[in-house]
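Report on the structure
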Amino acid sequence: MISIKSDREIELMKHAGYINYLTHQEVAKNIKPGISTKALNDIAHQFILAHDCKPSFLNFEGYPASICVSINDEVVHGIPSKRKIKEGDIVSVDIGVEYKGYHSDSANTYIVGKVPKEVEDLVENTKKSLYEGLSVIKDGAKISDIGSKIENFAKANHLGVVRELVGHGVGTSVHEDPNVPNYFTKDPTRLKAGMVIAVEPMLNLGSRHIYMENNDWTIKTEDGLPSAHFEHTILVTKDGYVILTKA
Ligand code: MG
Ligand code: MG
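The model shown is predicted, which means the values in this text are computed figures rather than measured ones. (Residues numbered from 1 in each chain as written. Chains lettered and ligands numbered in written order. Predicted model: local features only at pLDDT ≥ 70, side-chain atom pairs only at ≥ 80, totals over all residues. Heavy atoms only, no water.)

1. Considerations on the coordination of the magnesium ion (ligand 1)
- The protein atoms that coordinate the magnesium ion (ligand 1) are D94 (OD), D94 (OD), D105 (OD) and E231 (OE), at distances of 2.0 to 2.4 Å.
- Between the magnesium ion (ligand 1) and the magnesium ion (ligand 2), a spacing of 3.2 Å is present, and a bridge between the two is formed by D105. With a gap of 11 residues between them, D94 in strand 4 (residues 90-99) and D105 in strand 5 (residues 102-111) connect regions that are remote in the sequence.
- Assessed through its relative accessible area of 8%, D94 is described here as buried. (Donors = N, O, S within 2.8 Å, 3.2 Å for Na, K, Ca; no water. Helix = DSSP H or I, 4+ residues; strand = E, 2+ residues; numbered from the N terminus. Buried < 20%, exposed > 50% of the residue type's maximum accessible area, 1.4 Å probe, protein only.)

2. So, the pattern of salt bridges
- With the rule as written, the count across this model stands at 10 salt bridges.
- Across the pair E176 and K5 runs a salt bridge, and its minimum N-O distance is 3.2 Å. Of this pair, E176 sits in strand 8 (residues 176-180) while K5 sits in the segment before helix 1 (7-30), and the two are 171 residues apart along the sequence. Here E176 matches K5 in class, with each residue buried.
- Among the ionic pairs, K117 bridges to D121, the shortest N-O distance being 2.8 Å. With K117 and D121 both in helix 3 (residues 117-134) and four residues apart, this pair spans about one turn of that helix.
- Look at D121 and you get partly exposed, because its relative accessible area is 29%.
- Within this structure, E151, K155 and R163 form a network of salt bridges that share partners. (Salt bridge = Lys/Arg side-chain N within 4 Å of Asp/Glu carboxyl O.)

Shown next as structure tokens:
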């Protein structure tokens, strides 16, 4: 069932989104060569608690950390560890924040120092594909139009679109109905004002194919080439949308 949020719920979700945005700023300041992904996790964890919120991902379906930090060929669900960030890495950080029972979900890929032009373009184009997808959002639009936009943009830039993981509704759970794929489907479901969804393209420099690591969480590209991930939590409105995970 797809929920339509009340004005009160939207206010709580705006706050959860704003703290998510601030947490990203805090983590981003600390992403540099030599810092471990666990240290980034702890910075985010403390920051979220200090703002009277909770990290949505901790223990969600058994996930063992507060944020996901996925490096280079890791697509999503990188578990924070002693692994240190290096010059030339791309680092995807995915953060969920809960405020008074309502969630927000947002991801960003950060470039550390100098990377090859094609990797820079991958990151830039994944971000652009998110905004391409968002551009069709308004009351009455088809959810599948979001995925078509993202897929067409990715294809035009010769990037692989991950299909096994998709965007989703957000509310009292960090993952709710509906699914929001990053590719065309025949799903006739339409958006309605008051829906809140997370749109989150995961694009690969190489093929779209992925596999899961032995830790049962981390998703990596099959060909070992880098992958980027951008995500915002979005409120659908009558004429368009509002990004909740932003200043
Ligand atoms: Mg996320
Ligand atoms: Mg998500």
